[in-house]
Amino acid sequence: MEASDIQLFNALYKDYKDRFIHFAKTYVYRYEVAEDIVMESLMDYWENRATLREGSHIPTYVLTIIKNKCLNYLQRLHTWQDIEAHLAQVEAWELEVQISTLEACDPHRLFSAEIQEIIDKTMLTMPEQTQEIFTRSKYHKQSHKEIADALGISDKSVEYHLNKSLKVLRVALGDYFPLLFFIHLS
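A quick note: this is a predicted structure, and the numbers were derived from the prediction, not measured.

Novice: Requested: an account of the packing of aromatic side chains, with residues and values cited.
Specialist: Within this structure, the stated rule accounts for six aromatic pairs. Arranged with centres 5.3 Å apart and planes meeting at 70°, the rings of Phe9 and Trp46 form a pair that is edge-to-face. In this pair, Phe9 is assigned in helix α1 (residues 2-28) and Trp46 in helix α2 (residues 31-48), connecting sequence segments 37 residues apart. Residue Trp46 is classed as partly exposed on the basis of its relative accessible area of 25%. Aromatic side chains Tyr16 and Phe20 sit 5.5 Å apart centroid to centroid with 20° between the ring planes, which places their arrangement in the stacked category. Taken as a pair, Tyr16 and Phe20 lie in helix α1 at a separation of four residues, close to a single helical turn. Classification of Tyr16 as partly exposed rests on a relative accessible area of 23%. Site record: aromatic cluster; members linked through ring pairs are Phe9, Tyr45, Trp46 and Tyr61.

Pasting the structure below:
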């Protein structure tokens, strides 16, 4: 019985292999995939041949296995395409977020806010008169003469307090100090 099974299998393989591959390739489009499906289907037939009913049409049975394997392949392919489309959509969304975040980013405002915070904290450590002179000069744009007249001090005192405040700020701002000129110029 075993010899006749092998002869039957060899005849099936010889007579139907190319037709089976052509059938599978019609759906999966790739010869290598179609060939793999046909070979797996023939192996499935061989492993299950003892369970087939007497008089079963073997080529129809194998073709049914091929059809189901093609369906499984196409369904897996469809699932992978859905996953890839979803991942591409997520990547596109992330890219849009990155672009919009960068477009909204204003380095001038970021540095200005940080620098202003450092200046405000540093100013609180200075004597009250130095704070007042710095505020009038840098924020209210008053001249040395205007500040001196308003506070009843000499121009030299105004200059002394401004130099003193700038030295303290230069230390407090560290690496930011050169950027002050860039920010104020832009």
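After that view, the rundown keeps rolling.
Novice: A description of the pattern of salt bridges should follow, citing residues and the corresponding values.
Specialist: Scanning the model with the defined rule gives five salt bridges in all. A salt bridge links Asp44 to Lys69; the shortest N-O distance between them is 3.1 Å. Here Lys69 lies in helix α3 (residues 58-104) and Asp44 lies in helix α2, a separation of 25 residues in the sequence. Notably, a salt bridge pairs Lys145 with Asp149, separated by 3.5 Å at the nearest N-O pair. Of this pair, Lys145 and Asp149 both sit in helix α6 (residues 144-151), four residues apart, roughly one helical turn. Taken together, the salt bridges that share partners define one network made up of Glu40, Asp44 and Lys69.

Novice: Before we move on, could you go through the confidence of the model for the chain and cite the residues and values that matter?
Specialist: Model confidence for the chain is summarised by a mean pLDDT of 86, while 89% of its residues fall at 70 or above. The weakest mean pLDDT in the chain belongs to helix α8 (residues 177-185) at 52; the strongest belongs to α2 at 95.

Novice: Describe helix α5 (residues 128-139), and please don't skip the residues or the numbers.
Specialist: Between its first and last C-alpha atoms α5 spans 16 Å; for twelve residues at 1.5 Å apiece the expected length is 16 Å, and the two agree. Residues of α5 that are buried: Thr130, Ile133, Phe134, Arg136 and Ser137. Buried residues along α5 cover an arc of 165° about the axis, so they all sit on one side. Two residues or fewer after α5 comes Lys141, characterised by a positive phi angle close to 55°.

Novice: Lay out the nonpolar core in plain terms, naming residues and giving numbers.
Specialist: Counting residues in each nonpolar core, the largest one holds 16 residues, and the members touching the most others are Leu12, Phe20, Val28, Ile37, Val38, Val62 and Ile66. When residues of this core are traced back to their parent elements, those giving at least two are α1, α2 and α3. Top contributing element to this core by residue count: α2, with six residues. Sequence-distant contacts of Leu12, defined by excluding residues within four places in its chain, comprise Lys17, Phe20, Leu42, Tyr45, Ile58, Pro59 and Val62. Membership of the second largest hydrophobic core comes to twelve residues, among which are Met126, Ile147, Leu169 and Leu173.

How each quantity is defined
Residues numbered from 1 in each chain as written. Predicted model: local features only at pLDDT ≥ 70, side-chain atom pairs only at ≥ 80, totals over all residues. Heavy atoms only, no water. Phe/Tyr/Trp six-rings, centres within 6.5 Å; stacked < 30°, edge-to-face > 60°. Helix = DSSP H or I, 4+ residues; strand = E, 2+ residues; numbered from the N terminus. Buried < 20%, exposed > 50% of the residue type's maximum accessible area, 1.4 Å probe, protein only. Salt bridge = Lys/Arg side-chain N within 4 Å of Asp/Glu carboxyl O. pLDDT = per-residue confidence, 0-100. Expected span 1.5 Å × (residues − 1). Arc of directions from axis to C-beta. Core = buried A, V, L, I, M, F, W, Y, C linked by side-chain atoms within 4.5 Å. Contact = heavy atoms within 4.5 Å.

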